[in-house]
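What follows is the residue order along each chain.
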Amino acid sequence: MRFIKDGPSFPDELLVARDEGRVVFFCGAGVSRARVGLKDFIGLAHAVADKLAIGSDKPARQLISAIETVPQIPGVGGLISADRVFGLMEREYRSRDIYCAIAQALKPESVIDLSAHRVLIDLARGPDGRVRLITTNFDLLFEECDASIPFSRPPQLPDPKRSDEFNGIIHLHGHVNRDYSDAEGDGFIISSAEFGRAYLADRWAADFIRKVLESFFVVFVGYSADDPPMQYLLEALNRSPGALNGAYALQSGLFEEAEARWFQKGVKPIVYDQANGHAALWNSLALWAERARNPNGWFDSLFAQAMPGPESCEQHIRGQIAHVATTLEGARRLAVAPTPIPASWLCTFDPAIRFAEAGRIGKLAEERTHFDPFPAYGIDSDPVPAHVDQRTSEFNRRDIPASAWSAFALTREDRQNLREDQVAALRGHYSINSPRLATRVGYLGAWLENVCHQPASVWWAAGQLGLHPDIQRRIRYRMERGTGEAPSVVRSAWRHLISSWSHGSDDFSTDYYQLLAEVKIDGWTAASVRELATFHRPYIKASRAFMFSPRAPDDDSALCLRDLLSLDVEYPGHGEELSVPKELLSILAKELRQNLELGSVLEMEIGGYGLSSLNSINEEDEENGPERKYRSGINAPLFQYVKVFGELAKSDIKLAKQEARAWYDTQGPVAAHIKIWFCADNSIVDRREIGQVLRSISARSFGIVSTNAICS
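Residues numbered from 1 in each chain as written. Predicted model: local features only at pLDDT ≥ 70, side-chain atom pairs only at ≥ 80, totals over all residues. Heavy atoms only, no water.

1. Focus: the overall build of the protein
When helices and strands are counted, the protein shows 35 helices and eleven strands. For the protein, the spread of C-alpha atoms along the principal axes amounts to about 130 × 60 × 50 Å. For the protein, buried positions account for 49% of its 712 residues. Summarising the internal contacts of the protein: among those between residues at least 6 apart in sequence, 71% fall at separations of at least 24. Carbon and sulfur atoms form 50% of the exposed surface of the protein, whose accessible area is close to 34,300 Å². Averaging the positions of the 79 positive and the 94 negative side-chain charges in the protein gives two centres separated by 3 Å. (Helix = DSSP H or I, 4+ residues; strand = E, 2+ residues; numbered from the N terminus. Buried < 20%, exposed > 50% of the residue type's maximum accessible area, 1.4 Å probe, protein only. Contact = heavy atoms within 4.5 Å. Areas by Shrake-Rupley, 256 points an atom, 1.4 Å probe, with all protein chains shown as cover. Lys, Arg positive; Asp, Glu negative; His and termini not counted. Charge placed at Lys NZ, Arg CZ, Asp CG, Glu CD.)

2. Some remarks on the pattern of salt bridges
What the rule picks out here adds up to 40 salt bridges. As a salt-bridge pair, Glu-92 and Lys-58 come within 3.9 Å of each other at their nearest N and O atoms. On the criterion of sequence distance, the pair formed by Glu-92 in helix H5 (residues 83-92) and Lys-58 in the loop between helix H3 (41-51) and helix H4 (59-69) is long-range, its members being 34 residues apart. Assessed through its relative accessible area of 43%, Glu-92 is described here as partly exposed. The residue Lys-643 makes a salt bridge to Glu-647 at a minimum N-O spacing of 2.9 Å. Taken together, the residues Lys-643 and Glu-647, both in helix H31 (residues 635-651) and four residues apart, mark about one turn of the helix. Overall, Lys-643 belongs to the partly exposed group, its relative accessible area being 42%. Through salt bridges with shared partners, a single network forms among Lys-161, Arg-203, Asp-207, Arg-210 and Glu-214. (Salt bridge = Lys/Arg side-chain N within 4 Å of Asp/Glu carboxyl O.)

3. Observations concerning unusual backbone geometry
Here the residue pair Pro-154 and Pro-155 is connected by a cis peptide bond, since its omega of 5° sits within 30 degrees of zero. Following the sequence through the fold, Pro-155 ends up in the loop between strand E3 (151-152) and strand E4 (168-171). Unusually for a residue other than glycine, Asp-6 sits at a positive phi of about 65°. Tracing the chain through its elements places Asp-6 in the segment before helix H1 (12-19). Since its relative accessible area comes to 60%, Asp-6 is described here as exposed. One non-glycine residue, Ala-53, lies in the positive phi region at around 55°.

4. What about the packing of aromatic side chains?
A full pass over the atoms with the stated rule returns 33 aromatic pairs. Plain terms: the ring middles of Tyr-99 and Phe-188 are 5.4 Å apart, the flat faces sit at 75° to each other, and that makes the pair edge-to-face. Residue Tyr-99 is found in helix H6 (residues 95-105), and its partner Phe-188 is found in the loop between E4 and helix H9 (192-201); the two are separated by 89 residues along the sequence. Phe-188 carries the same exposure label as Tyr-99, and that label is buried. (Phe/Tyr/Trp six-rings, centres within 6.5 Å; stacked < 30°, edge-to-face > 60°.)

5. Comments concerning the sheet that holds strand E1 (residues 23-27)
A sheet is described by the order of its strands in space; here seven strands give the open sequence E3-E4-E2-E1-E5-E6-E7, paired in parallel fashion. This sheet does not close on itself; its edge strands, each paired only once, are E3 and strand E7 (268-272). As paired strands, strand E2 (residues 132-135) and E4 are joined by four bridges and run parallel to one another. Looking at the pairing, Thr-135 lines up with His-171 of E4. (Pairing = 2+ DSSP bridges.)

6. Remarks on the environment of Leu-497
Positionally, Leu-497 belongs in helix H25 (residues 488-501). It is 9.8 Å that separates the C-alpha atoms of Leu-497 and Gln-472, two residues lying 25 residues apart in sequence. Non-local contacts of Leu-497, meaning those with residues more than four positions away in its chain, are made with Val-458, Ala-461, Ala-462 and Ala-542.

7. A closer look at the confidence of the model for the protein
For the protein, mean pLDDT is 89; residues scoring 70 or higher make up 91% of the total. Below a pLDDT of 50 lies the segment residues 620-629, which in the model reaches seven contacts outside its immediate sequence neighbourhood of four places, other chains included. (pLDDT = per-residue confidence, 0-100.)

Dropping the structure here:
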């Protein structure tokens, strides 16, 4: 997540760990150099050489000159370690004299800017109020920010495993005394020999950091990978596999170069632009510290920015909302917010929308404008898709990147924290009922419930195969309360959609093939015939609006159902010939008739358009026209019924007549179609009854059938 546009991107796990007090900030010379202007390692070596009046012909002075003049190799850094300078000084000067020169060189001006140090103290302060910060700086600038914070130095280091003891500012390499005249205690870790003892020989410094990393994430601030403390520390810790799994380093420059210098050493770089005095870093850390000081205020401010919807927000703000949705606490806050962020944020949460094809938006009768969903909904961590040419945007297909973030995908933390009631079971309640959602995803479901009255919510849901049963139940309850919160068109859309989901999405269901397997063993029965018919029962299928727009609808009072959903009657079928024993044909015919009647009713419910394409029932055409073998829409169950009825008539004309009479009181184009077909067969309808049967057909139904017959 980025706190500012083009700032460093902080991993979600690191942000969450800091909120929980599980991050230790490890601060180097860059922190004291940022706002106070103290010297870095080489600058300090220069100042000490001047104070000790080291001549230009001395090895220490010559090495300083070499460090400054030998160019760095990209991805490698400096070739000469600065700690060797102080090792050469120790050959000619007493350690105490060197320490005094170092302390005096580090003494700050009387008026200094401690804002960088205050930011890091705020970030290092956990929810228990304890500050846990490690520094290799010798100065006491952190202490000047807050004199109440305890501080320590070697050899009295706290135990990182004991939370009551691990508290305060730890000066790992020692610190100056109060008046900056000398080193406090045993001195500084400054020369090659001292670094070697601390990290490689005696290993007390390396062991201390290793213990810290066993319990905390560590963020290195103010270092480069070739700084002496980092070189010794990383060399020592790399001897223990996995010791640096939780280590991050803030590094300026290009990502590839930073990765080459840090990643192979086991540390994950967080890269930023160093322009304007590392402004991107310090502005980001300042906003992170503001969040740390006042998390409620940070969330409230972010949610306020999100209220107009994702299209009105910059990418890094959308990235912040994505971070919130990814974390347990953030998702909880989304769910309980007094005024939830709008449902259009579903378009950002779902990569299928962010990376959807560009298209046209607007009414068909109006001039439709080009709309690309990625600039409107994409987040700053998304890979940027190829540019879309507006003239051919409808033909440009986009694939969803495998790494694309989704709010609804389980995170590692989600999986680690699953409860027993969130996992399917071999037996018991959760063997036949859906387990509960992972807690974070459940919070997102609660947020969706809170915004289900908004058109964008049902529009988004129409593009899904389904939602968890618990969420469906809660949404239905909201719709049934009838508080007036949801417009009637949204309530209708949800009802159609939830009903559609209840039928499932797989026509080739395992239950169907299980039935056929049972019949193969035990034969057909009346019960199995009735069960067979249920697999062919029609239902209204709801999907996202046919004229698919890649943009979520606004809360527009002029919306109609077709702006949200495309409704069609689905006639499940498996392409098989329905073959049952002759004695069960009458039962099958009755069941298929009821399916046809239901299909006709459903077609009328959604406008009756599907009834305008009824094919004529003509056996000769059926035999001579191979194109007739494929039937779609209501024609599929119609001709399925016609075929079974024909078999029934050949087997038992008396039962066939009884089945035909069941249609006489039924109205609608399908019934009219079949009645007319019956009247053409004297063995089914006696000539004296033809007039009565035809008079039972309404004028409207007769007109539809006549038109279809002519067209066929």
